[in-house]
Amino acid sequence: MTDANAPRQLLIVDDDATFVRVLSRALGSRGFEAIGATRADEARQLARRHQPRYCVLDLKLGEENGLKLISELHALVPEMRILLLTGYASIATAVEAIKRGAHDYLAKPVDADAVVRALLEGEGPAPADDEPPEAPEAPLALRRLEWEHIQRVLTECDGNISETARRLGMHRRTLQRKLSKHPVRERPDTGE
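Participant: Even after reading the chapter, I still don't get the overall build of the protein, so can you show me in this structure?
Facilitator: Secondary structure assignment for the protein yields 8 helices and 7 strands. Within the span of the protein, comprising 192 residues, buried residues form 36% of the whole. Of the contacts made within the protein by residues no fewer than 6 positions apart, 64% connect residues no fewer than 24 positions apart.

So, in structure tokens, the structure goes:
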């Protein structure tokens, strides 16, 4: 049994060194002992050496893909709880992250309290899976559905833009333009 007051070891992996430093400080004040990495090889070394129980992992690590790092980190520390963060949230990426072994997925920007909740949520016994998830109150907007579909196909193509454009039947530059925009956000219903 572990001491409830003992610091929880946490590995933060993001190619933005400032983000790593700020999140490390914020989570340090919330009971975590954070170590940071800005590259996948550095993350593997730190995981091997420190055996952290928790990991906050960015989807994009420069030219590297955080999704591919999930299974490698689990091979080094099988009980590690991994939270995947991304600035380009999509259902396809979230599903793929969970399939690969991430415990949760959050879209950036994110606050430290949300990270803590996601890391610690569900550490007890799993709840009964009797009730189906609630359906959304309103259908997704057409632009959001397009974004989700593009992200799903891009994930199926392992991030290959040319192959994704071919499968979607669009020009490569058109796809790159769509991908360079931030994901479509849902507008709150104003009741008008």
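Participant: What exactly am I supposed to notice about the sheet that holds strand β2 (residues 32-37) here?
Facilitator: What holds strands together in a sheet is hydrogen bonding between their backbones, with the strands either parallel or antiparallel. What the 5 strands build is an open sheet, ordered β2-β1-β3-β6-β7; its pairing is parallel. Each edge of the sheet is formed by a strand with only one pairing partner; in this case those strands are β2 and β7 (104-107). For this sheet, the mean inter-axis angle between neighbouring strands, taken without regard to orientation, is 20°. Note: strand β1 (residues 8-13) against β2, 6 bridges, orientation parallel.

Participant: Where do I start with the side chain of E96 in this structure?
Facilitator: Mapped onto the fold, E96 is located in helix α4 (residues 91-100). Since its relative accessible area comes to 18%, E96 is described here as buried. A polar contact is formed between the side chain of E96 and the side chain of R100, at a distance of 2.7 Å.

Participant: Can you walk me through the packing of aromatic side chains in this structure?
Facilitator: Centre distance and the angle of the planes are the two values used to describe a pair of aromatic rings. According to the stated counting rule, one finds 1 aromatic pair in the structure shown. Measuring from ring centre to ring centre gives 5.5 Å for F32 and Y54, while their planes differ by 85°; the resulting arrangement is edge-to-face. Of this pair, F32 sits in strand β2 while Y54 sits in strand β3 (residues 54-58); the two residues are 22 residues apart in sequence, bridging distant segments of the chain. Owing to a relative accessible area of 5%, Y54 belongs among the buried residues under this scheme. Cation over ring: R8 sits above F32, and NZ or CZ is 5.4 Å from the ring centre. Taking the ring centre of Y54 as reference, the NZ or CZ of R53 above it sits at 5.5 Å.

Participant: Looking at this structure, I do not really get the side chain of T164. What am I missing?
Facilitator: Mapping T164 onto the fold places it in helix α7 (residues 161-168). On the basis of relative accessibility, which here comes to 0%, the residue T164 falls in the buried class.

The rules behind these values
- Residues numbered from 1 in each chain as written.
- Predicted model: local features only at pLDDT ≥ 70, side-chain atom pairs only at ≥ 80, totals over all residues.
- Heavy atoms only, no water.
- Helix = DSSP H or I, 4+ residues; strand = E, 2+ residues; numbered from the N terminus.
- Buried < 20%, exposed > 50% of the residue type's maximum accessible area, 1.4 Å probe, protein only.
- Contact = heavy atoms within 4.5 Å.
- Pairing = 2+ DSSP bridges.
- Axes fitted to C-alpha atoms, helices over the stretch in contact; angles between N-to-C directions.
- Polar contact = N/O pair within 3.5 Å; in protein donor to acceptor, adjacent residues only side chain to side chain.
- Phe/Tyr/Trp six-rings, centres within 6.5 Å; stacked < 30°, edge-to-face > 60°.
- Lys NZ or Arg CZ within 6 Å of the ring centre and 35° of its normal.

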